[in-house]
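Take a look at the letters that make up each chain.
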Amino acid sequence: MSTDGLIVVDKPGGMTSHDVVARIRRLAKTRRVGHGGTLDPMATGVLVIGVGRATRLLTYVIGAGKSYTGTIRLGQATVTDDAEGDVIATTPAGQVTDDAIRAALDALSGEVDQRPSAVSAIKIDGQRAYKRVRDGESVELPARRVTISQLDVLEIHRDTPDVVDVDVAVTCSSGTYIRAIARDAGLALGVGGHLTALRRTAVGGFTLAEAATLDELEQRAPDVVNLPLDAAADRFFARREATPDEARVLAHGGPLDPAGLTGPYAVFGPAGGLIAIVSERDGRARAEIVLAPA
């Protein structure tokens, strides 16, 4: 049985995030496994998996900033805004200049209102948007505010007539759709656009440098956790040390005196074990989740 903790997986293409969770359940020999932020089947890269009690940390992982590299194809629009969907419009893009491409992408960076792709996992009246699209409905989701702090053009390729492929690097807030950036850049340039490749390079402080492939995890199963619960919390949150009395109160859900720390932080007991994730409000430090063993 694997210990509680996180696994940073380098997700291969062609698998859903749920497929990866199912594989980890088998390798770790436990049903208590979840992921910290969906990657489309086409996408590869960092997928943070929680095992055991560490699944309760995943809500914070999901909300963390993310970084990607990807390729945008200008000159073709697809129903899914990526290469998995059928092409629905083609407009020759060969005459679009490099300067125009850079300007269009630059206009999409910063704090922007982004309309998610219709083929997304967002729910409308309890049903996933992508299912409504597959059932033949026309779906247009409302825009929502996201922050795209980096949107750099790495290279522009003109290898195929009438299309232009643009390699980009993106750092953004949770909830940002990279394929929506491709779609919107194509719309701004009047030629259509979609995403042909996507690799997630970081989630919060977790990067590809520490990610393991599924083959590597298979070889060391069931010892697949590479960040035990305490170490994972120490990596992701500010740290507060509790006295024995504070540890006892907090382990039973009671509040502590504030320490003046902003945002959620991790509280560790005198023996070094994680007790809870805490936030300060109304003059008290209160547990958001208690993680000390029962």
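Residues numbered from 1 in each chain as written. Predicted model: local features only at pLDDT ≥ 70, side-chain atom pairs only at ≥ 80, totals over all residues. Heavy atoms only, no water.

- By the naming in an unreviewed UniProt entry, the protein goes by tRNA pseudouridine synthase B and is assigned to Micromonospora profundi.
- Of the comments in the UniProt record for the protein, the one headed Sequence similarities (unreviewed entry) reads "Belongs to the pseudouridine synthase TruB family. Type 1 subfamily."
- Reading the Function (unreviewed entry) entry of the UniProt record for the protein gives the comment "Responsible for synthesis of pseudouridine from uracil-55 in the psi GC loop of transfer RNAs." (UniProt positions renumbered as here; feature names shortened; annotations may be inferred.)

Examining the pairing of strand E4 (residues 66-74)
Alright, step 1. When you tally the buried positions in E4, you get 7 out of 9 residues, the bulk of the element.
Alright, step 2. Pairing of E4 with strand E11 (residues 164-172) involves 9 bridges; the strand directions are antiparallel. Across the sheet, Gly70 pairs through a bridge with Val168, a residue of E11.
Alright, step 3. Here E4 runs beside strand E12 (residues 193-203); their pairing, made up of 9 bridges, is antiparallel. By the bridge assignment, Thr71 is partnered in E12 with Ala197. (Buried < 20%, exposed > 50% of the residue type's maximum accessible area, 1.4 Å probe, protein only. Helix = DSSP H or I, 4+ residues; strand = E, 2+ residues; numbered from the N terminus. Pairing = 2+ DSSP bridges.)

Things to note about the UniProt feature "domain: tRNA pseudouridylate synthase B C-terminal" (unreviewed entry) in the protein
Alright, step 1. Under the UniProt annotation, the feature "domain: tRNA pseudouridylate synthase B C-terminal" (unreviewed entry) is placed at residues 179-219.
Alright, step 2. This span, residues 179-219, is 41% helix and 32% strand, and a straight line between its end C-alpha atoms measures 34 Å.

So, the UniProt feature "domain: tRNA pseudouridine synthase II TruB subfamily 2 C-terminal" (unreviewed entry) in the protein
Alright, step 1. The UniProt record marks residues 237-291 with the feature "domain: tRNA pseudouridine synthase II TruB subfamily 2 C-terminal" (unreviewed entry), using the residue numbering of this structure.
Alright, step 2. For residues 237-291, the helix share is 15%, the strand share is 42%, and the end-to-end C-alpha distance is 14 Å.

Some points on the packing of aromatic side chains
Alright, step 1. Under the definition given, this model contains 3 aromatic pairs.
Alright, step 2. Centre to centre, the rings of Phe206 and Phe236 are 5.7 Å apart; their planes meet at 10°, and the pair counts as stacked. Placement of the pair is Phe206 in strand E13 (residues 206-207) and Phe236 in helix H7 (residues 229-236), with a sequence separation of 30 residues.
Alright, step 3. Given the relative accessible area of 1%, Phe206 is considered buried.
Alright, step 4. The class of Phe236 is partly exposed, set by a relative accessible area of 25%.
Alright, step 5. When the centroid spacing of 5.4 Å and the interplanar angle of 70° are considered together, the rings of Phe236 and Phe237 count as edge-to-face.
Alright, step 6. By relative accessible area, Phe237 is classed as buried at 10%.
Alright, step 7. Through a chain of ring-to-ring contacts, three or more aromatic side chains come together here, namely Tyr60, Phe206, Phe236 and Phe237. (Phe/Tyr/Trp six-rings, centres within 6.5 Å; stacked < 30°, edge-to-face > 60°.)

As for the pattern of salt bridges
Alright, step 1. Per the stated rule, a full pass over the model turns up 17 salt bridges.
Alright, step 2. The partner of Glu111 in a salt bridge is Arg145, with the nearest N and O atoms 3.1 Å apart. Highlighted residues: Glu111 in strand E7 (residues 110-114) and Arg145 in strand E10 (residues 144-157), separated in sequence by 34 residues.
Alright, step 3. Overall, Glu111 belongs to the exposed group, its relative accessible area being 56%. (Salt bridge = Lys/Arg side-chain N within 4 Å of Asp/Glu carboxyl O.)

A word on the nonpolar core
Alright, step 1. By size, the foremost hydrophobic cluster in this structure holds 48 residues, and its most contacted members are Ile24, Leu105 and Val166.
Alright, step 2. Ignoring sequence-local partners within four residues, the contact set of Leu105 consists of Ile72, Leu151, Val153, Val166, Val168, Ile181 and Ala185.
Alright, step 3. Counting residues in each nonpolar core, the second largest holds 24 residues, with Leu57, Val203, Phe237 and Leu274 among its members. (Core = buried A, V, L, I, M, F, W, Y, C linked by side-chain atoms within 4.5 Å. Contact = heavy atoms within 4.5 Å.)

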